[in-house]
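Topology and contacts: notes
Listed below are the residues making up each chain.
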Amino acid sequence: MQSIMIKLIKSTFFHEAKTKKELTKFILKADKLSIGSECRKFEKRFALYQGKKHCVFVNSGSSANLALIQVLLNTGRLKKGDHVGFSALTWSTNVMPLIQLGLIPVPVDIELDTLNVSSRTFGALMKKRPVKAIFLTNLLGFCDDIDVIARLCKKNNIILIEDNCESLGTVYKGKKLGNYGVASTFSFYVGHHMSTVEGGAVVTDDDELATMLHLVRAHGWDRNLTEDKQLFLRIKHNVNSTFYSRYTFYDLGYNLRTTEIQGFLGNIQLPYLPRIVRLRQRNFRYLAKTLYSRTDLFYPIRFDHIDTVSNFAVPVVCRSRKIRDQLVEACDGKVEIRPIVGGDMTKQPFFHKYFAHARHPQPKNATLAHEQGLYFGNNPELTKKEMQTIIKIFTS
Ligand SMILES: Cc1ncc(COP(=O)(O)O)c(C=O)c1O
């Protein structure tokens, strides 16, 4: 009998049938489906969940990253040509906005035992490059000593921003990841922790950044600002007619808006998030106990410094390329696997195209994870039998 593939993404939503039913009813009843009250309600609730003052809901995690970098430029906190550090092991659209918006991306290596940038790897880079900011990726629900990195940044006047698209719900030293920098980004893509099919957000406590985020999200206009903020801008720019104020564009922006469908989905799924995180954490710990103890096959991954590990995929870094290649073969048709996130970004064609001649530091550990690593999905719906199958394939 042919076995069924253990997929990376098992469902579109948590409580899928119920969510789809409610969504159908909502669409049939709704007068308006462009951005409105459902999105605003979700923003309030997500900000509350994350413990932040502001949340700006956008149409993807990639858009959240783009918006955040644009906002730092619009507000003058970064200038074109500034060096910005990024975790070498990350996703393409973490780095791409830096290139697209005229900044110089500087890869920061990760630690092999946490897969994340540490104060050691970041500290070493700081000595070599005049970085103005670091866009840290909290990779796959893990972190290293991000509290120390935050202190280093503060001391050296470096802007810390977090790409938390892979670690929604992770708690480190009693604090959720995404709360260590001045702003952080999230993804609600279907395969991630909580799904609005496509979606993302930027959260911050910083009023200036939040105001600019509203502008950047929609065309550079002021429509989604509070009345006092609109008045301030209109006086500053001499816009004294209502007619023109509707089509006045104050700074560089995009259209990254969400729809009420995403807002509605966010409001349905968010209350499930604590349970989703609990289930994934339970699966992860079960799998990690056996997999990570096989130090003959895999490099050990350390996570006992993290209170809650919230990931949507489980990585392994094999001791050799041969072991990894054998695993890729063994998983074929049985377990859906991928390289660890996007792998080492400095190995990607887009990075070569723009930085082939740049003498950036070589991220040795990220390269090793790229060449000897892989991950498989961790879903709330993963069954014990499936986890046992995975363990058997990975350890025999
Ligand atoms: C670290 C990181 N940042 C950003 C993104 C982009 O998120 P989205 O797929 O919602 O655009 C991803 C996607 O997986 C990611 O892993």
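In this report, we go over the structure that sits alongside the text.

A sheet is described by the order of its strands in space; here three strands give the open sequence β11-β13-β12, paired in antiparallel fashion. At either margin of the open sheet sits one strand with a lone partner, and together these are β11 (313–317) and β12 (337–338). Sitting on the sheet, helix α14 (residues 364–372) touches β11 and β13 (373–377), and the angle it makes with β13 is about 60°.

On to the site of the ligand. Near the ligand you find 16 residues, and of these Gly61, Ser62, Asp163, Glu166 and Ser187 are the closest. Contact distances for the ligand include 2.5 Å between an oxygen atom and a side-chain N or O atom of Glu166. Between the ligand and Ser187 there is a distance of 2.7 Å, counted from an oxygen atom to a side-chain nitrogen or oxygen. In the complex, the protein chains occlude 91% of the 390 Å² of accessible area that the ligand would expose alone. No other element matches helix α3 (residues 61–74), which puts three residues into the shell around the ligand. Residues of the shell around the ligand, tallied by class, amount to four nonpolar, ten polar and two charged.

On to the packing of helix α5 (residues 119–128) against helix α6 (residues 146–155), then. Two numbers describe how α5 lies on α6: the axes approach to 9 Å, and their chain directions differ by 25°. In terms of orientation, α5 and α6 fall into the roughly parallel class. Contacts between α5 and α6 pair Ser119, Phe122, Gly123 and Met126 from the former with Val148, Ile149, Leu152 and Cys153 from the latter.

Here we come to the state of the cysteines. In this structure the tally under the stated criterion is zero disulfides. Of the cysteine sulfurs around Cys55, a residue in no disulfide, the closest is that of Cys39, at 10 Å. Look at Cys55 and you get buried, because its relative accessible area is 6%. Here Cys143 stays free of any disulfide, with the sulfur of Cys153 as its closest cysteine sulfur at 14 Å.

On inspection of all chains with the given rule, the structure shows 17 salt bridges. The closest approach of N and O atoms between Arg302 and Asp144, which form a salt bridge, is 3.8 Å. Residue Arg302 is found in the loop between α11 (273–291) and β10 (306–308), and its partner Asp144 is found in the loop between β4 (131–137) and α6; the two are separated by 158 residues along the sequence. The partly exposed category is assigned to Arg302, whose relative accessible area is 32%. Between Arg234 and Asp222 there is a salt bridge, with its nearest N and O atoms 2.9 Å apart. Here Arg234 is found in helix α8 (residues 227–236), whereas its partner Asp222 is found in the loop between α7 (207–217) and α8, with twelve residues between them in sequence. The partly exposed category is assigned to Arg234, whose relative accessible area is 22%. One salt-bridge network, held together by shared partners, links Arg77, Asp206 and Glu208.

Turning our eyes to something else, we now look at unusual backbone geometry. The backbone of Leu115 shows a phi angle near 65°, a positive value even though the residue is not glycine. Counting through the fold element by element, Leu115 comes out in the loop between β3 (104–108) and α5. You will see that Asn157, though not glycine, has its phi angle at about 60°, which is positive. Mapping Asn157 onto the fold places it in the loop between α6 and β5 (159–163). Look at Asn157 and you get exposed, because its relative accessible area is 69%.

Reading the values: the criteria
Residues numbered from 1 in each chain as written. Predicted model: local features only at pLDDT ≥ 70, side-chain atom pairs only at ≥ 80, totals over all residues. Heavy atoms only, no water. Pairing = 2+ DSSP bridges. Helix = DSSP H or I, 4+ residues; strand = E, 2+ residues; numbered from the N terminus. Contact = heavy atoms within 4.5 Å. Axes fitted to C-alpha atoms, helices over the stretch in contact; angles between N-to-C directions. Near = heavy atom within 4 Å. Polar contact = N/O pair within 3.5 Å; in protein donor to acceptor, adjacent residues only side chain to side chain. Areas by Shrake-Rupley, 256 points an atom, 1.4 Å probe, with all protein chains shown as cover. Nonpolar A, V, L, I, M, F, W, Y, C, P; charged D, E, K, R; others polar. Parallel < 35°, antiparallel > 145°, perpendicular 65-115°, else oblique. Disulfide = S-S within 2.5 Å. Buried < 20%, exposed > 50% of the residue type's maximum accessible area, 1.4 Å probe, protein only. Salt bridge = Lys/Arg side-chain N within 4 Å of Asp/Glu carboxyl O.

Remember that the coordinates give geometry; whether it matters functionally is a separate question.
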